[in-house]
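Geometric and topological summary
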Amino acid sequence: MNEKNDKKQLLAVPMGLWAAAFVGLSLLYIIGLSLLTKGEGFSYSPPITLDNYLRLREKQYISSLLLSLRLAFYTTAISALVGYPFAYFISKASPKRRVWLLVMLIAPFWTNALIRIYGWKILFYANGPINTLLKSLGIIEKPLKLLYTEGAVLVGMVYGMLPFFVLPVYSSVERIDWSMVEASRDLGASPLKAFITVTIPMTSAGVMAGLVLTFIPSVGLFFISDLLGGSNTMLWGNLIQNELLKSHDMPFAAALSVVLLAMTAIVLFIYRRQGGEAESMVY
Amino acid sequence: MQEKPLLSLRGLRKSFDTQEALNGLDLDVYKGEFLTLLGPSGCGKTTTLRIIAGLETPTEGKVYLEGEDITDLAPEKREVNTVFQNYALFPHMNVEKNIAYGLRMRKLDRKTIKQKVNEMLHLVQLEGYEKRMPSQLSGGQRQRVAIARSAVLEPKILLLDEPLGALDLQLRRQMQLELKRMQKQLGITFIYITHDQEEALNMSDRIALMRDGRFVQLASPYELYENPVSAFAASFIGETNLIEGTVSEINGDELLLDIGGKTVRANNKDWVQQGQKLCLCVRAERLRYRRQDPGHNCLHGKLVATHYTGSDRTSILELNTGQTVISRHTTEQEEKVNQGETVCVWWDIDKATVVIDDRDNAL
């Protein structure tokens, strides 16, 4: 029996090598890099120092971190509030309509995300469609400043992340055993009470997955804030991008990346702990 | 039963798209009764139950609880609770919370809830299982939690949708007795669904036999067994021989039936007409055979096979009309008959009933 297991484990070797080479080694490389000092151009060299991390105490980095977390939090919250009813609606639709709704949700992925965000940029221009429409309706006299605001970034991020919340929630709503909901009504729960006490807890695994899948990428996104927020919204991702492409400071960019990775790891750790419970909730 | 019915169904109809699930049901259920809806799958039992629970709206007809029209009342407002076929226990709540769910919805105080839950746990013999999750329980235990969760609300009627369907035979038998005990102890009216005739006979005060969205017969288990109204009712319960014949003469309380040229006597029924084709229902354990002609009420045939099952012997006989009949009898004091031998098949006149032949007009 052990022999059999040993042979089966051999199958995991290629995957292990892959992970070691492309995840493990690159991770070590970045951590090592973050401890070195910038030289000429893209170069770097010893001495080994913690200076790159100590620099992070500066105000601009702290405020960038807080801004990133705040925007990621709002993005996740709005995606959840919009996405849950949407996912519920899709799974309750007739099979034929369900396919169409899912296609509509997924279709944008066939176009490059960057190009889609450029589309939003055009919408937000001072003389763009939104301002033109509002003006022609007489709602505003002067064009609103839409582009290069935190609001514009938030809209872009929710737009980009929404499918990542909707899809896992949709699949968990679809698997609900509706007799549970009927049972709760039968036992005296109003439709709202049944929804809160039975439907939501029974889809909690999907909600948790959706929250994590939305939150983690949101913290590290840089091109949406770059295009829609300009220099007004310096997110953590923008910092990394700037250090790398403008200052050519590879070690400091590495240190910023390590912090981002650490934040991701913390969220995943919380998810695993909660997710473990969430999984046992579904049978 | 002269008292007022607890629950009344009047002219209940239900159609799904073009499919007729219920075809006009009328039913009165009395307090403290154990009523079983019995029938093959797709006969409308579950739809009837769901309409009583409020989980389905009838296309036509009314539901009255204690004389009050509850047809359009939401399920949470009815004093009726359901034990679902798959139990539908909440997987994210432990046993205690599952049972307390309905009480919490009624906003009772914690102490009362705790006390009622404990009483219920005692009744279903699950003390000590409070903190277990449904996934950690056996089928029989889940079943008890499902019953406790509904019964703790002291509903006027408890609706049970094939609650024993998922259990193995031994556990079923045990749970049948236990359910009956709980029903007596709680004093709650039970409306019970099953497609298992043995279960229905064992437990019910009355059985409503259903077919194609209609009641075929509504009677006590004894009545249903002794006096089935139709060939369908006769064949659904017990092991039955339905011998086809034509009415050749009606003499007051007595009929003469022509069965493949042989004439036999049978007790008359008020619906019988001269020349009518009908079935004579003889239960397998009441059909006898022997070598010698008893002189009256006998059909000729031959023994095809016998199966020995310990206490019983089942014999398969072929009548001269070509029809196959079954006879079941105890192995004591039997006359030895060889396979292929010609025999006389006979029965006691009072132990046979004529019934309408409704076997083919299924919708």
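Residues numbered from 1 in each chain as written. Chains lettered and ligands numbered in written order. Predicted model: local features only at pLDDT ≥ 70, side-chain atom pairs only at ≥ 80, totals over all residues.

If you tally the helices and strands in chain A, you get 14 helices and 2 strands. With the principal axes as the frame, chain A shows a C-alpha extent of 80 × 70 × 35 Å. Counting every position in chain A, which comprises 283 residues, the buried fraction comes to 32%. Long-range pairs, those at least 24 residues apart, make up 71% of the contacts in chain A between residues at least 6 apart in sequence. (Helix = DSSP H or I, 4+ residues; strand = E, 2+ residues; numbered from the N terminus. Buried ≥ 20, exposed ≤ 12 C-beta atoms within 10 Å, placed from the backbone. Contact = placed C-beta atoms within 7 Å.)

A count of helical and extended segments in chain B gives 8 helices and 20 strands. For chain B, the C-alpha atoms occupy an extent of roughly 75 × 45 × 40 Å along the three principal directions.

With that out of the way, let us pick up the pairing of strand β4 (residues 60–65) of chain B. Residue and element names in this part refer to chain B. Note that strand β1 (residues 7–16) and β4 share 5 bridges and pair antiparallel. Looking at the pairing, Leu7 lines up with Leu65 of β4. By the bridge criterion, 2 bridges tie β4 to strand β5 (residues 68–69) in an arrangement that is antiparallel. Of the residues in β5, the one forming a bridge with Leu65 is Glu68. Where β4 hands over to β5, the hairpin turn is made up of 2 residues, of which Glu66 adopts a positive phi near 50°. (Pairing = 2+ DSSP bridges.)

Moving on to the interface of chain B and chain A. Between chain B and chain A, the contact holds 19 residues from the first and 17 residues from the second. For the side of chain B that touches chain A, the secondary structure elements donating two or more residues are β6 (80–83) and α2 (95–105) of chain B. The dominant element in the side of chain B that touches chain A, judged by the number of residues it contributes, is α2 of chain B, at 3 residues. When the residues that make up the side of chain B that touches chain A are grouped by side-chain class, the tally is 10 nonpolar, 6 polar and 3 charged. (Nonpolar A, V, L, I, M, F, W, Y, C, P; charged D, E, K, R; others polar.)

The next point concerns unusual backbone geometry. Residues and elements named next belong to chain B. With a phi angle near 60°, Lys107 is a residue other than glycine that sits in the positive phi range. Here Lys107 shows up in the loop between α2 and α3 (110–123). The class for Lys107 is exposed, based on 8 C-beta atoms found within 10 Å. Not every positive phi belongs to a glycine, and Glu162 is a case in point at roughly 40°.

This paragraph deals with the domain arrangement of chain B. Residue and element names in this part refer to chain B. Each assigned domain of chain B is listed here: domain 1 (7–226) and domain 2 (231–355). In this structure, domain 1 and domain 2 have C-alpha centres spaced 39 Å apart. Every contact between the two is made by 8 residues of domain 1 and, on the other side, 5 residues of domain 2. Grouping the constituent residues of the side of domain 1 that touches domain 2 by class yields 5 nonpolar, 2 polar and 1 charged. (Domains from an automatic or database assignment.)

Our next topic: the packing of helix α9 (residues 178–186) of chain A against helix α10 (residues 191–202) of chain A. Residues and elements named next belong to chain A. Between α9 and α10, the least distance of the axes is 9 Å, while the angle of their chain directions is 160°. Considering the angle they form, α9 stands roughly antiparallel to α10. As for the relative orientation of α9 and α10, their crossing is right-handed in sense. Along its contact with α9, which presents Met180, Val181, Ser184 and Arg185, the element α10 presents Ala194, Thr197, Val198, Thr199 and Met202. Taken together, the residues of the contact of α9 with α10 sort by class into 5 nonpolar, 3 polar and 1 charged. (Axes fitted to C-alpha atoms, helices over the stretch in contact; angles between N-to-C directions. Parallel < 35°, antiparallel > 145°, perpendicular 65-115°, else oblique. Left-handed = near helix turned anticlockwise from the far one by under 90°.)

What follows deals with the confidence of the model for chain B. Averaged over all residues, the pLDDT of chain B equals 90, while 98% of them reach at least 70. Scoring of the predicted complex yields 0.80 for pTM and 0.82 for ipTM. (pLDDT = per-residue confidence, 0-100.)

Here we come to the packing of helix α8 (residues 150–174) of chain A against helix α11 (residues 204–220) of chain A. Residues and elements named next belong to chain A. Running from N to C, α8 and α11 cross one another at 160°; their axes reach a closest spacing of 7 Å. Taken together, the axes of α8 and α11 lie roughly antiparallel to each other. For the pair α8 and α11, the sense of crossing is right-handed. Together, Met157, Met161, Phe164, Phe165, Pro168, Val169, Ser171, Ser172 and Val173 of α8 and Ala205, Gly206, Val207, Ala209, Gly210, Leu213, Thr214, Pro217 and Ser218 of α11 make up the contact between the two elements. Split by residue class, the contact of α8 with α11 holds 12 nonpolar, 6 polar and no charged.

On to the nonpolar core. Core analysis: the largest hydrophobic core is formed by 103 residues, its most contacted members being Leu159, Ile191 and Leu209 of chain B. Structurally, this core is a two-domain feature, drawing no fewer than three residues from each of domain 1 (7–226) and domain 2 (231–355) of chain B. Counting residues in hydrophobic clusters, the runner-up holds 47 residues, among them Ala209, Leu211, Leu228 and Ala253 of chain A. (Core = buried A, V, L, I, M, F, W, Y, C linked by C-beta atoms within 7 Å.)

So, about the sheet that holds strand β17 (residues 312–319) of chain B. Residue and element names in this part refer to chain B. Taken together, the 5 strands give an open sheet; going across it, the order is β15-β19-β16-β17-β18, and neighbouring strands pair in antiparallel fashion. The open sheet has two edge strands, β15 (288–290) and β18 (324–330), and neither has a second partner. Between one strand axis and the next, the sheet turns by 45° as a mean value, whatever way the strands run. In this sheet, strand β19 (residues 342–346) lies alongside β15 in antiparallel orientation, the contact comprising 3 bridges. For Arg288, the partnering residue across the bridge sits in β19 and is Trp346.

Let's shift gears to the sheet that holds strand β8 (residues 189–194) of chain B. Residues and elements named next belong to chain B. Across the sheet, 6 strands lie side by side as β6-β7-β8-β3-β9-β10; this open sheet has mixed pairing. Because the sheet does not close on itself, it has two edges, and the strands there are β6 and β10 (214–219). Strand-to-strand, the axes of this sheet are offset by a mean angle of 20°, without reference to chain direction. When strand β7 (residues 157–161) meets β8, the two strands line up parallel, connected through 5 bridges. Residue pairing for β8: Leu160 is matched across the bridge by Tyr192.

On to the confidence of the model for chain A, then. All names here are of chain A. With 95% of its residues at a pLDDT of 70 or more, chain A shows a mean pLDDT of 86. Mean pLDDT across the elements of chain A bottoms out in helix α1 (residues 2–10) (71) and peaks in α9 (94). Long-range and interchain partners of residues 277–283, a stretch whose pLDDT sits below 50, account for 13 contacts in this model, where long-range means more than four residues apart.

Now for the environment of Asp270 of chain B. All names here are of chain B. Structurally, Asp270 can be placed in the loop between β13 (262–267) and β14 (277–283). By C-beta crowding, Asp270 is classed as exposed, having 4 other C-beta atoms within 10 Å. Taking the C-alpha atoms as reference points, Asp270 and Ala21, separated by 249 residues in sequence, lie 31 Å from one another.

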